[in-house]
Amino acid sequence: MEKYNNRADLIAAMTEDLTPVRRVKRSDGIALIAFTTVVAAVASIAVFEWWSGLLTGEASGYFLITHGLLLILGAASTASLVSGALPRVGARATAPMWGAAMLATLPIGAVLSLLSGHESHASSGLNDPVAFMCTTASLSAGALVGIASVLWLRRGAPVSIERSGWLTGLAAGSLGTLAYGITCPLDTFSHVGLWHVAPVAISAVIGRLVVPPLIRW
Amino acid sequence: MVADEPTFARLMAATQNGDKAAGNVLLSEAGVWLERYFRRRVPPHQIDDLVQEVLIAFYTKRGTWDPARPFLPWLAAIARYRWVDHLRKVYKHDSQELMDDDAAQDSEEEVVLARVSLDRLFGQLPEKQAEVIEMVKIGGLSIREAAEKTGQSESLVKVNIHRGLKKMATLVEKAE
């Protein structure tokens, strides 16, 4: 909109053009990100096939805990991200930070486990042959969630741009890894603790660097 | 007299539904409220531009107000966002000084209040950063002159200005 010399002229022009506006609702943002996560999961299943061990009880406790934490972190960061698109002042939710801290205990535990020599599975630790595939597939699934988040933020009016960047990265990383994770049959602690958590950290950094210029308004 | 929260909220709900009369009153009242908001935050000669910028942002993003939530915190959040953006722009361009000559024509009290707010921000910066920002961006000295006065190298002056301004913008952004 052009700048006016006089504020009254600006107000008159805006009043003249005033039309009913569709409200930006939190529920719309949550539904959009949840739907995109489901799409990412369906796409992952189409490409990598569903791992039936999830339902037959074959999946290890580590696998279930890791993906449960990813779900919690995804939900917490989505809730904060969606709220962040609506301007407000006041206390900010710290749930994503605590969720990320909880998830961070897994790679620490995985490294300690590897150092203690208890893990002898072929796909363990840094020599994991599928580490690259799990990381890239999770990041690809997360990219879908990230795009949906950016579209939502652009519809809204985020006033903490850098925080929105971090949250987008956390939501995309955790939900993308969750969406891909249900197709991964490797359920050792060192595998899920390292390679199903690393995409979250990578995605958070990418989100912080890439998202702010896209959502500035 | 500036409208109160319930009046603002009622006018905003009507404005979201396309009521032009309510929109006109709301924008005018919001303009007055914003003028007060910025009085302690920017030098007087920059207030009107900033108020216009916020009114445009307010108009463009009017769909983001939730009628279940109070109106003024919503407006304040937009105003603060624009203020941070404005600070970045002002500090980025050497030609735009915080205290132009015409500031002297405004009331002394307002000038002092604008400085008080800036001084509080300066108080939270390392001394070397605050010192060179004040010399170059407010006092109008060149980088070389500031380097000579402070004994810092020219590159260090530039780095300190850059880091200090970035920290100031972050401090403003984080302030609740």
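As annotated in an unreviewed UniProt entry, chain B carries the name Sigma-70 family RNA polymerase sigma factor and is attributed to Erythrobacter ani.

By the naming in an unreviewed UniProt entry, chain A goes by DUF1109 domain-containing protein and is assigned to Erythrobacter ani.

Peer 1: Let's hear about the overall build of chain B: which residues, and what values?
Peer 2: Helices and strands together make up the secondary structure of chain B, namely eight helices and zero strands. When each of the 176 residues of chain B is scored for burial, the buried share is 51%. Excluding contacts between residues fewer than 6 apart, the proportion of contacts in chain B whose partners are at least 24 apart in sequence is 64%. Carbon and sulfur atoms provide 51% of the accessible area of chain B, an area that totals close to 8,600 Å².

Peer 1: Which residues make up the UniProt feature "transmembrane region" (unreviewed entry) in chain A, and what are the values?
Peer 2: Using the residue numbers shown here, the UniProt feature "transmembrane region" (unreviewed entry) corresponds to residues 30-51, 63-86, 98-118, 130-153, 165-182 and 194-211 of chain A. Structurally, residues 63-86 of chain A comprises 92% helix and 0% strand, and the distance from its first C-alpha atom to its last is 35 Å.

Peer 1: Account for helix α1 (residues 7-17) of chain A, naming residues and giving values.
Peer 2: Helical geometry: 3.6 residues make up each α-helical turn, so side chains three or four residues apart lie on a common side. When α1(A) is considered as a whole, its buried residues turn out to be A:Arg7, A:Leu10, A:Ile11, A:Met14 and A:Thr15. In an axial view of α1(A), the angular spread of the buried residues amounts to 130 degrees, which keeps them on one side of the axis.

Peer 1: Before we move on, can you summarise the interface of chain A and chain B with the specific residues and values?
Peer 2: Contacts between chain A and chain B engage 37 residues on the former and 40 residues on the latter. In this assembly, chain A and chain B are joined by two salt bridges. A:Arg7 is the partner of B:Asp48 in a salt bridge, and the nearest nitrogen-oxygen pair spans 2.9 Å. Of all the secondary structure elements, the ones that give two or more residues to the side of chain A that touches chain B are α1 and α6 (131-155) of chain A. Top contributing element to the side of chain A that touches chain B by residue count: α1(A), with seven residues. Split by residue class, the side of chain A that touches chain B holds 18 nonpolar, seven polar and 12 charged.

Peer 1: Describe in detail the nonpolar core, supporting the description with residues and values.
Peer 2: Within soluble globular proteins, side chains that are nonpolar generally end up buried alongside one another. In terms of nonpolar packing, the biggest core is built from 59 residues, with B:Leu34, B:Phe38, B:Leu55, B:Phe71 and B:Leu75 touching the most fellow members. For this core, the element with the highest residue contribution is helix α4 (residues 71-92) of chain B, accounting for 11 residues. Contacts of B:Leu55, omitting those with residues within four sequence positions, involve A:Arg7, A:Leu10, A:Ile11, A:Met14, B:Leu27, B:Ala30, B:Gly31 and B:Leu34. Counting 14 residues, the second largest nonpolar core, distinct from the first, contains B:Leu125, B:Ala146, B:Ala147 and B:Val157.

Peer 1: Please provide a residue-by-residue account of the packing of α1(A) against helix α2 (residues 20-39) of chain B, values included.
Peer 2: One way to put it is that α1(A) packs onto α2(B) with a least axis distance of 9 Å and a crossing angle of 145 degrees. Handedness of the crossing formed by α1(A) with α2(B): right-handed. Along the contact surface, α1(A) presents A:Arg7, A:Ile11, A:Met14, A:Thr15 and A:Glu16, while α2(B) presents B:Lys20, B:Gly23, B:Asn24, B:Leu27, B:Ser28, B:Gly31, B:Val32 and B:Glu35. For the contact of α1(A) with α2(B), the per-class residue count stands at four nonpolar, five polar and four charged.

Peer 1: An account of the packing of aromatic side chains is requested, with residue identities and associated values reported.
Peer 2: With the rule as written, the count across this model stands at 11 aromatic pairs over all chains. Between the aromatic rings of A:Tyr62 and A:Phe189, the centroid separation amounts to 4.5 Å while the plane-to-plane angle is 25 degrees, which identifies the pairing as stacked. Residue A:Tyr62 is located in helix α4 (residues 61-84), and its partner A:Phe189 is located in helix α8 (residues 189-195); the two are separated by 127 residues in the primary sequence. Of the residues examined, A:Tyr62 reaches a relative accessible area of 44% and is grouped as partly exposed. The buried category is assigned to A:Phe189, whose relative accessible area is 13%. Consider the rings of B:Phe8 and B:Phe71, whose centres lie 5.1 Å apart with planes at 15 degrees: the pair is stacked. Here B:Phe71 lies in helix α4 and B:Phe8 lies in helix α1 (residues 5-16), a separation of 63 residues in the sequence. Since its relative accessible area comes to 0%, B:Phe8 is described here as buried. Looking at B:Phe71, the relative accessible area reads 0%, which means it is buried. Members of the aromatic cluster, connected to one another through ring pairs, are B:Phe8, B:Phe58, B:Trp65, B:Phe71 and B:Trp74. It is B:Arg62 that lies over the ring of B:Tyr59; its NZ or CZ is 4.5 Å from the centre.

Peer 1: Please give an account of the packing of helix α7 (residues 161-181) of chain A against helix α9 (residues 198-215) of chain A that cites residues and values.
Peer 2: Residue and element names in this part refer to chain A. At a minimum axis separation of 6 Å, α7 and α9 run at an interaxial angle of 140 degrees. The orientation of α7 with respect to α9, classified from their angle, is oblique. Where α7 crosses over α9, the handedness of that crossing is right-handed. Facing α7, whose interface residues are Ile161, Glu162, Ser164, Gly165, Trp166, Thr168, Gly169, Leu170, Ala172, Gly173, Ser174 and Thr177, α9 presents Pro199, Val200, Ser203, Ala204, Val205, Gly207, Arg208, Val211, Pro212 and Ile215.

Here is what the cut-offs are and how they apply
- Residues numbered from 1 in each chain as written.
- Chains lettered and ligands numbered in written order.
- Predicted model: local features only at pLDDT ≥ 70, side-chain atom pairs only at ≥ 80, totals over all residues.
- Heavy atoms only, no water.
- Helix = DSSP H or I, 4+ residues; strand = E, 2+ residues; numbered from the N terminus.
- Buried < 20%, exposed > 50% of the residue type's maximum accessible area, 1.4 Å probe, protein only.
- Contact = heavy atoms within 4.5 Å.
- Areas by Shrake-Rupley, 256 points an atom, 1.4 Å probe, with all protein chains shown as cover.
- UniProt positions renumbered as here; feature names shortened; annotations may be inferred.
- Arc of directions from axis to C-beta.
- Salt bridge = Lys/Arg side-chain N within 4 Å of Asp/Glu carboxyl O.
- Nonpolar A, V, L, I, M, F, W, Y, C, P; charged D, E, K, R; others polar.
- Core = buried A, V, L, I, M, F, W, Y, C linked by side-chain atoms within 4.5 Å.
- Axes fitted to C-alpha atoms, helices over the stretch in contact; angles between N-to-C directions.
- Left-handed = near helix turned anticlockwise from the far one by under 90°.
- Phe/Tyr/Trp six-rings, centres within 6.5 Å; stacked < 30°, edge-to-face > 60°.
- Lys NZ or Arg CZ within 6 Å of the ring centre and 35° of its normal.
- Parallel < 35°, antiparallel > 145°, perpendicular 65-115°, else oblique.

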